[in-house]
Amino acid sequence: MSGQNKSAPTVVIFGASGDLTKRKLVPALYNLLRKGRIPPATRIIGFARSDFSHDAFRQQMREGVQKFAGHFDESVWAAFSSNLYYLPGNPDSIDDFKRLDALARELDAGQPGGCLYYLSTPPTLYTDIVSMLGQAGMHTESENWRRIIIEKPFGRDLASARDLNDKVHAVFAEQQVYRIDHYLGKETVQNVSIFRFANAIFEPIWNRNYIDNVQISVMEEVKVGRRAGYYDSAGVWRDMFQNHILQLLTLIAMEPPTALKADALRNEKVKVLSAVRPIAPQALRQHVVRAQYRSYRDEPNVAAKSETPTFAALKLYVDNWRWQGVPFYLRSGKGLADRKTQIVVQFKSPPHSLFALKDSQTLKPNTLAMEIQPDEGIHLSFQAKVPDAGIAMQTVNFDFQYAGAFGDGTIPEAYERLILDALQGDASLFTRSDEIELSWRLIDPILRGLSEPDAPALEFYEEGSSGPTGADQLLARDGFEWVM
């Protein structure tokens, strides 16, 4: 992007007095300026109900940048904060939106750049803000581009997601809409595509002929904490599976796109979601585990007899040529022993062992583990001969770690990449409307089935454990176990 003032964009953050703006969004924009990725004259306007002045808002954001940006430079902050503004307003007031439009026009000094709107608000306000932007004429691209980033959750079921899509499309064209899933902005998630499609040695074995199963785990040590009120109405299915975990599945399972462009990439992800076999209600017990950590019902703002799961495990199949018959095991939970997000590809064992094994010894299959966080890297396990021990074998690893290969501090926050892509008009790492609806089409029947009387019982697990025993049994029935 050019550094000329006439091409400098404006970023408007709705809900700017909230935690996300201070912790993630403004630090990300500050780092983009510090690295020279956005023009120095990029203007940032915060909009929320809180009655801040420009200076009070700048002070709040300075504290966030100092704490969360990783690098703080007084001269960079001085340049950055000089283009940081705030306007108090209500999300359902057309007069306040007209004042916002007037401020943006005043700041661009008659040379309008593009405008990026970021909805960092509760989902209940999305349609109000979109409607007001439309009524104020702030969505039209007659002078320059206009784009909108919408945070998750995008709906709470298929019907509400469709309704939200319809209301957004009544104002913005689909190419203007950027539905954000911050997992897709993580460097290690983007590396999945690089690993698969830039290394010829893996593509010939990336299929049902060589792969036994795929495991995707998003494990968290933290409990629900301050999010308990939201979480009790959402649960792990809406909070993690419908978005983050299914997105990881599409990246692992998709075919090579025809080009590294947004539509080509997202077309392949849609094909994967379309091929996932729906789970029939009578099959829930064979495919689904749900559980809750024991003290969850003691959390503030949680119903006394809440059935909301804080952990779930799910077995899916992708019914296409590449993956037919290969189980995909997905799990996520809170209050667990470790924080870990990883994708494990477990390969089939050799068809015949040439080596005499002891009665207690088994030939462990090769595994490829992609560590998304916190130990960012890739680990490939294989068998090697133990020196001076006859034909004894041992599992060893090839390890790649980002910190060791590229140095510490080289992995930026996901929001940096995603905001920059939205400013540049690259929607590759954002979800399209049909992706959203297809993912809800998979999760909705599970949620309905779990509300029936004959649904799998809610299990309980101890905080600090690896989760419920049912999750282990889900794999054990197929002769597998979780690769930790």
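Residues numbered from 1 in each chain as written. Predicted model: local features only at pLDDT ≥ 70, side-chain atom pairs only at ≥ 80, totals over all residues. Heavy atoms only, no water.

1. Re the layout of surface pockets
No. 1: What the second largest pocket holds in volume is close to 460 Å³.
No. 2: Together, 19 residues line the second largest pocket, and Gln190, Ser193, Ile194, Leu260 and Arg417 are the ones closest to its centre.
No. 3: Counting residues per element, the lining of the second largest pocket draws most heavily on helix 7 (residues 187-197), which supplies 7 residues.
No. 4: Within the lining of the second largest pocket, the residues separate by chemical class into 12 nonpolar, 4 polar and 3 charged. (1 Å grid on protein atoms, 1.4 Å probe; cavity = no way out; pocket = protein on both sides within 12 Å on 5 of 7 lines; lining within 4 Å. Points joined across faces, edges and corners; volume = space filled by probe spheres on them. Helix = DSSP H or I, 4+ residues; strand = E, 2+ residues; numbered from the N terminus. Nonpolar A, V, L, I, M, F, W, Y, C, P; charged D, E, K, R; others polar.)

2. Observations regarding the pairing of strand 4 (residues 115-119)
No. 1: Burial runs high along strand 4: 5 of the 5 residues are buried.
No. 2: Pairing geometry for strand 1 (residues 10-14) and strand 4, over 5 bridges, is parallel. Counted as the bridge partner of Thr10 is Cys115 from strand 4.
No. 3: Across 5 bridges, strand 4 lies against strand 5 (residues 146-150) in parallel orientation. Counterpart to Tyr118 in the pairing with strand 5 is Ile149.
No. 4: Crossover strand 4 to strand 5 through helix 5 (residues 126-135) is right-handed. (Buried < 20%, exposed > 50% of the residue type's maximum accessible area, 1.4 Å probe, protein only. Pairing = 2+ DSSP bridges. Right-handed = clockwise from strand over helix to strand, strands pointing away.)

3. As for the pairing of strand 7 (residues 211-219)
No. 1: For strand 7, a buried count of 8 out of 9 residues is recorded, marking the element as mostly surrounded by other parts of the structure.
No. 2: Across 8 bridges, strand 7 lies against strand 11 (residues 340-347) in antiparallel orientation. Bridge assignment links Val218 to a residue of strand 11, and that residue is Thr341.

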